[in-house]
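Secondary and tertiary structure notes
Residues per chain are reported as follows:
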Amino acid sequence: MPSNTPLLDELEKGPWPSFVKEMKRSAGKNAKAKDLLGVVEQSYKDKITHWKHGGIVGVTGYGGGVIGRYSDLPENFPNAEQFHTIRVNHPSGWFYTTKALRTICDIWEKHGSGLTNMHGATGDIILLGTDTDQIQPAFNTLSENGFDLGGSGSALRTPSGCVGPARCEWACFDSLDLIYDLTQTFQDELHRPRWPYKFKIKASACPNDCVAAIARADFTIIGTWRDSLRIDQSAVGEYAAKGLDIKNLIAGKCPSQALDYDEKNRKLTLKPEDCVRCMHCISKMTRAIRPGKETGATILIGGKAPILRGAFLSWVLVPFIKVDPPYAEIKQLLEKIWDWWDENGRNRERIAETISRLGLKDFLKAIDLRPIPQMVYHPRSNPFVFF
Amino acid sequence: MPRTDIGPPDYKTMLPETIVNNYGKWKYHEILKPGVMKHVSETGGELFTVRAGSPRLVSIDFIRDVCDVADKYCDGHLRFTSRFNIELMTPDKENVDGIISDLNKLGLPVGGLGDCISNIVHTQGWIHCHSAATDASGLVKSIMDELYEYFTEFRLHAKLRIAVACCINMCGAVHCSDLAVVGIHTKPPKVNHEKLASTCEIPSVIASCPTGAIRRHSDKNINSVEVKNERCMYCGNCYTVCPSMPLSDPDGDGLAIYVGGKVSNMRKPPMFSRLAVPFIPNNPPRWPEVTDILKKIVEIYARDSKKYERLGEWIQRIGWERFFSLTSIPFTEQHIDDFTHATETYRATTQFKW
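Note that the coordinates shown come from a computational prediction; the quantities given were computed from them, not determined experimentally.

In terms of regular secondary structure, chain B is built from eleven helices and 13 strands. Overall, chain B is about 75 × 70 × 35 Å in size when its C-alpha atoms are taken along their principal axes. Long-range pairs, those at least 24 residues apart, make up 64% of the contacts in chain B with a sequence separation of at least 6. Carbon together with sulfur atoms contributes 50% to the accessible area of chain B, which is approximately 14100 Å² in total.

The next thing to look at is the interface of chain B and chain A. Each side of the interface is counted separately: chain B has 115 residues, and chain A has 117 residues. Interface of chain B and chain A: buried area, both sides summed, is about 10500 Å²; carbon and sulfur atoms make up 61% of it. For chain B, the biggest contributors to the area lost against chain A are B:Tyr11, B:Trp126 and B:His128; these three give 7% of the whole. Along the contact surface separating chain B from chain A lie ten salt bridges. The shortest N-O distance in the salt bridge between B:Arg64 and A:Glu109 comes to 2.7 Å. If you look at where chain B meets chain A, you find 62 residue pairs in polar contact (both at pLDDT 80 or more). No other element matches the ten residues that helix 2 (residues 60–73) of chain B contributes to the side of chain B that touches chain A. The residue inventory of the side of chain B that touches chain A, partitioned by class, reads 57 nonpolar, 35 polar and 23 charged. As judged from the three bridges shared by strand 4 (residues 115–118) of chain A and strand 4 (residues 57–59) of chain B, these two strands associate in the antiparallel manner. Paired with A:Leu115 across the bridge in strand 4 of chain B is B:Ser59.

All names here are of chain A. Read across the open sheet, the five strands follow the order 6-7-8-13-14; overall the sheet is mixed. The open sheet terminates on both sides in strands that have one partner only, identified here as strand 6 (160–161) and strand 14 (315–321). Here strand 8 (residues 219–225) runs beside strand 13 (residues 295–301); their pairing, made up of seven bridges, is antiparallel. Across the sheet, the residue bridging to Ile222 is Thr298, located in strand 13.

A separate point is the nonpolar core. Residues A:Phe199, A:Phe219 and A:Ile337 are the most contacted members of the largest nonpolar core, which totals 124 residues. If one sorts the elements of this core by residue count, helix 2 of chain B sits on top with eight residues. Beyond its immediate stretch of four places on either side in the chain, A:Phe199 contacts A:Ala155, A:Leu156, A:Arg157, A:Asp218, A:Phe219, A:Leu334, A:Ile337, A:Trp338, A:Trp341 and A:Ile351. In terms of nonpolar packing, the next biggest core, distinct from the first, is built from 67 residues, A:Leu11, A:Phe77, B:Ala132 and B:Ile162 among them.

Side chains that are three or four residues apart share a direction in an α-helix, a result of its 3.6 residues per turn. Residues and elements named next belong to chain A. Looking at helix 5 (residues 132–144), one finds that the buried residues are Ile135, Ala138, Phe139, Leu142 and Ser143. Take helix 5 and look down its axis: the buried residues cluster within an arc of 130 degrees, on one side only. Exposed side chains of helix 5 directed beyond 90 degrees from the buried face belong to Asp133 and Glu144. Turning to helix 5, the residues buried within the fold contact strand 1 (66–67), strand 2 (85–88), helix 4 (98–111) and strand 5 (125–128). Gly146 sits one or two positions beyond helix 5 and adopts a positive phi of about 90 degrees.

Let us look at the environment of A:Thr122. Residues and elements named next belong to chain A. With respect to the helices and strands, the residue Thr122 is situated in the loop between strand 4 and strand 5. Residue classification places Thr122 among the buried residues on the basis of a relative accessible area of 14%. For the pair Thr122 and Gly151, spaced 29 residues apart in the sequence, the C-alpha separation amounts to 9.4 Å. Setting aside chain neighbours within four positions, we find Thr122 in contact with Arg157, Thr158, Ser160, Lys200, Lys202 and Arg216.

In this section: the packing of helix 10 (residues 311–318) of chain B against helix 11 (residues 320–327) of chain B. Residue and element names in this part refer to chain B. Two elements in contact, helix 10 and helix 11, have axes separated by 6 Å at closest approach and are oriented at 105 degrees. The angle between the axes of helix 10 and helix 11 places the two elements in the roughly perpendicular class. Between helix 10 and helix 11, the contacting residues are Trp314, Ile315 and Ile318 on the first element and Trp320, Arg322, Phe323 and Leu326 on the second. Partitioning the contact of helix 10 with helix 11 into residue classes produces six nonpolar, no polar and one charged.

Time to look at the pattern of salt bridges. Oppositely charged side chains are able to pair whenever their charged atoms sit close together. Counting across every chain of the model gives 43 salt bridges over all chains. As a salt-bridge pair, B:Asp10 and B:Lys12 come within 3.7 Å of each other at their nearest N and O atoms. Several salt bridges converge on common partners, so that one network encompasses A:Lys29, A:Asp106, A:Glu109, B:Asp61 and B:Arg64.

Residues and elements named next belong to chain B. Its place among the elements puts Tyr150 in helix 5 (residues 148–152). Its relative accessible area of 7% is what places Tyr150 among the buried residues. Distance from Tyr150 to Val259, taken between C-alpha atoms, is 17 Å for residues 109 residues apart in sequence.

Next up on the list: the sheet that holds strand 8 (residues 162–165) of chain B. Residues and elements named next belong to chain B. A sheet is described by the order of its strands in space; here five strands give the open sequence 7-8-9-12-13, paired in mixed fashion. Both outer strands of the open sheet, strand 7 (121–122) and strand 13 (274–281), are each paired with one neighbouring strand and no more. Where strand 9 (residues 179–184) and strand 12 (residues 254–259) come together, six bridges link them in antiparallel fashion. Following the sheet pairing, Gly183 is matched in strand 12 by Leu255.

Time to look at unusual backbone geometry. Residues and elements named next belong to chain A. The step from Ile307 to Leu308 runs through a cis peptide bond, and the omega angle for that step is 5 degrees. Cis rather than trans, the peptide bond between Pro325 and Pro326 has omega equal to 5 degrees. Checked against the element boundaries, Pro326 lands in the loop between strand 14 and helix 12 (328–344). Of note in the backbone geometry, Arg266 takes a positive phi value of approximately 50 degrees without being a glycine. Looking at where Arg266 falls in the secondary structure, it is placed in the loop between strand 10 (259–262) and strand 11 (267–270). Taking relative accessible area as the criterion, Arg266 reaches 38% and is therefore assigned partly exposed.

Conventions we followed
- Residues numbered from 1 in each chain as written.
- Chains lettered and ligands numbered in written order.
- Predicted model: local features only at pLDDT ≥ 70, side-chain atom pairs only at ≥ 80, totals over all residues.
- Heavy atoms only, no water.
- Helix = DSSP H or I, 4+ residues; strand = E, 2+ residues; numbered from the N terminus.
- Contact = heavy atoms within 4.5 Å.
- Areas by Shrake-Rupley, 256 points an atom, 1.4 Å probe, with all protein chains shown as cover.
- Buried area = accessible area lost by both parts, 1.4 Å probe.
- Salt bridge = Lys/Arg side-chain N within 4 Å of Asp/Glu carboxyl O.
- Polar contact = N/O pair within 3.5 Å; in protein donor to acceptor, adjacent residues only side chain to side chain.
- Nonpolar A, V, L, I, M, F, W, Y, C, P; charged D, E, K, R; others polar.
- Pairing = 2+ DSSP bridges.
- Core = buried A, V, L, I, M, F, W, Y, C linked by side-chain atoms within 4.5 Å.
- Buried < 20%, exposed > 50% of the residue type's maximum accessible area, 1.4 Å probe, protein only.
- Arc of directions from axis to C-beta.
- Axes fitted to C-alpha atoms, helices over the stretch in contact; angles between N-to-C directions.
- Parallel < 35°, antiparallel > 145°, perpendicular 65-115°, else oblique.

Below you can see the structure in the form of structure tokens.
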């Protein structure tokens, strides 16, 4: 018998695990998943999407957390006409017990298509494909089992963070606890959109930035330290004995030439005031070099992808801050930032765009921060200065 | 009434015992072989992690299969990474081979750690998105089939991060990836004049355009907007605020490839990805033109780079002029920026290469 999805079938071939195989597994026992295959195959033929724009659906009491989605081919694929997404807020660090994961699977078997993303780009568990009348029952059961929705729309989006001290020796603060605490504190901001546009918070516990916070978060928290990194000279000697070219590959690649290697004595010395804490030597000599002991974070503002004014990386706002519970200083800073953005932001303008339009100077004044050289690469070159 | 605003489950209830006992006490880690690392604690505790790729769009049965492996070897615990990898953790080294073999039996590749290509961060594409200019899952599957050994083996001098976004909204860190594939529209929106006034607020539609290409319709009897085509750069922002401004087009939609970005602060500061290939038409189900050029870039980079050099660092060292000549990618007028911060990219020195 010829297949109904010849184009998608091609994507079952090859060594990498196939999403088409996953769609077919769900399609075997779920009519929505079966019709989804048909909709996507049609897109592969027509080379355009067959999902219509928007649709307001949700659960009682929330303004977000569910994305309405309707197909433009309801006659051909009636079971996939409604294919709404439920965003479920993940536990910090994406750690799970199998019991918790199986509970989510059972809920989604009953109320949805059986298809999910583990996870979406913002970090949530994405439950893909349900009907309007199943949204509230699905949420009720999720809530009974300890799961809540994430953010969507012009709201605080689900905060997320790296694996941190749970399984990383470089963690300069507890990214899991901070993310959990901020998520709990700002539930209202997360579930009830009322801002000019979306606002994302991400935390990476060291400058390697494993969750891409500097590129993706409006409010970026990156772990760092203020004292000197720690060097274990006997471990340095072991690396040298094993043949690591410390002179060229470690000291030679130090971006600020803060490291000096004495080949004869197998000794690595650091000029702490020259170190920019880039993580190169630490990452390549994990047994010999560690971050310092006076740890905390740099806070940066304004990371985002291109819409509207082009892409921005987050800019330094607070070069160093201690990150300890109950995180009062960080929460106060967030509230000041939101107040200013609420007052000055235009519709669909991320905070980076509001700052870029009105100037960092005014923004700093509004949130009571003093300008310091760490905030810029260099001072202005033009003479057009407002006094 | 259900309880609202309870927030996510407390992560502490999800952690395996070895992690609870060594939380914040990790001393160092080592990558033992592709996809396997060992963390050692100050207490002497050890934790072995096995990392596997996943297709991201998975069925609940897939999750149950992986849970079976975690129940068998990992005391019922597992985690996911921000790039949709699955990580199975155990304090017993003896479990590692069993985990790898069970994951392989499920068809999952083990790797993605260290100087490898990790799993591809991507968006929904034609599977679920209303503004997608291309598919994402199908592209990712096609790319990873071609670059499979770069996930399962150490063939590079540094990490290589790939991202796919199905439109320029770029949900995911596409704008700062070593290799990025971005779905693009190249035709202005086709305004639905009959529906526009009833579905959208005209002032918001006009205000949504970053280049001022949208204005009120010149015929006062038509309650709609006009698009000045030459000012449109196909961002789709008007479509996001107004469904009567669709810009999908079977021939106009396709893909662009950006290269050389990163987010880590290691050695060089974070970098944006830069345009390498301005347009490739959609060619499902396998997008061979896209996989060919990506594979070529990866192979040249693997051969030509120095140890520890990320793709963007390699390009900075050899220069963009040499990048284009090495890869035989034609340099076109689209490569010269004409948007907001364009002049920052014009070369103001006589230092360049041939």
